[in-house]
Amino acid sequence: MDPPLSMSLVKVLQEPQNRSVCQKLVFASVSLITLPILVFLAFSKGGLAASILGEGSQYELAASAAAAVLVINLILATYVYIAFTEETGEENRKAAKKQ
């Protein structure tokens, strides 16, 4: 009988070659959850947006949302860049053969 999918997924993620990938994914996921909320709260109602746009501006919430969206895009772009520049298993094997 085959083991449940979650058990095999846990085993795969715990392998040494996959550990760094899992750490990067978890860091990006936690960043995507927390940082936009913190930025939105920092900009909203009397925060940075009020100091930039002026107190009582009708665009404070829009500026707060735009800042949060910018943070999301920066996190995603950074994650994609790191994923594309990461060495693959083939590159590691080729480097080992050269030595």
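Residues numbered from 1 in each chain as written. Predicted model: local features only at pLDDT ≥ 70, side-chain atom pairs only at ≥ 80, totals over all residues. Heavy atoms only, no water.

## Considering a nonpolar patch on the surface
Rule in force here: Two joining distances apply to patches: 9 Å for like charges and 5 Å for nonpolar side chains (Val, Leu, Ile, Met, Phe, Trp, Tyr), and every residue must have over 30% relative accessible area and no salt bridge. The protein chains shown are the only cover counted for residues, whose accessible areas, like all others here, come from Shrake-Rupley with a 1.4 Å probe. The working definition used for a salt bridge is a side-chain nitrogen of Lys or Arg within 4 Å of a carboxyl oxygen of Asp or Glu. Partly exposed describes any residue whose relative accessible area lies between the buried limit of under 20% and the exposed limit of over 50%, with all areas from a 1.4 Å probe on protein chains only and scaled to the type maximum.
Taken together, the side chains of L48, I52, L53 and Y59 make up a nonpolar region of the molecular surface, amounting to roughly 420 Å² of accessible area. Relative accessible area serves as the criterion here: at 41%, L53 is assigned to the partly exposed category.

## Things to note about helix α4 (residues 60-85)
Formally: Strands here mean DSSP runs of E at least two residues long; helices mean DSSP runs of H or I at least four residues long; both are numbered from the N terminus. A helix is expected to span 1.5 Å multiplied by its residue count minus one.
In this model, α4 (26 residues) spans 38 Å end to end at C-alpha, consistent with the 38 Å of a helix rising 1.5 Å per residue. Where α4 is concerned, the buried positions are E60, S64, A67, A68, V71 and I75.

## Looking at the side chain of E60
Where we set the bar: Should any heavy atoms of two residues lie within 4.5 Å, those residues are counted as being in contact.
Summarising the element assignment, E60 is placed in helix α4. Taking relative accessible area as the criterion, E60 reaches 7% and is therefore assigned buried. Setting aside anything within four residues of it in sequence, one finds E60 in contact with K45, G46, A49, A50, L53, G54 and E55.

## Quick notes on the confidence of the model for the protein chain
Just so we agree on the cut-off: As a per-residue measure, pLDDT reflects the predictor's confidence and takes values from 0 up to 100.
Predicted confidence across the protein chain gives a mean pLDDT of 82, with 82% of residues reaching 70 or more. Taken element by element, the predicted model of the protein chain shows its lowest mean pLDDT in helix α5 (residues 89-98) (64) and its highest in α4 (93).

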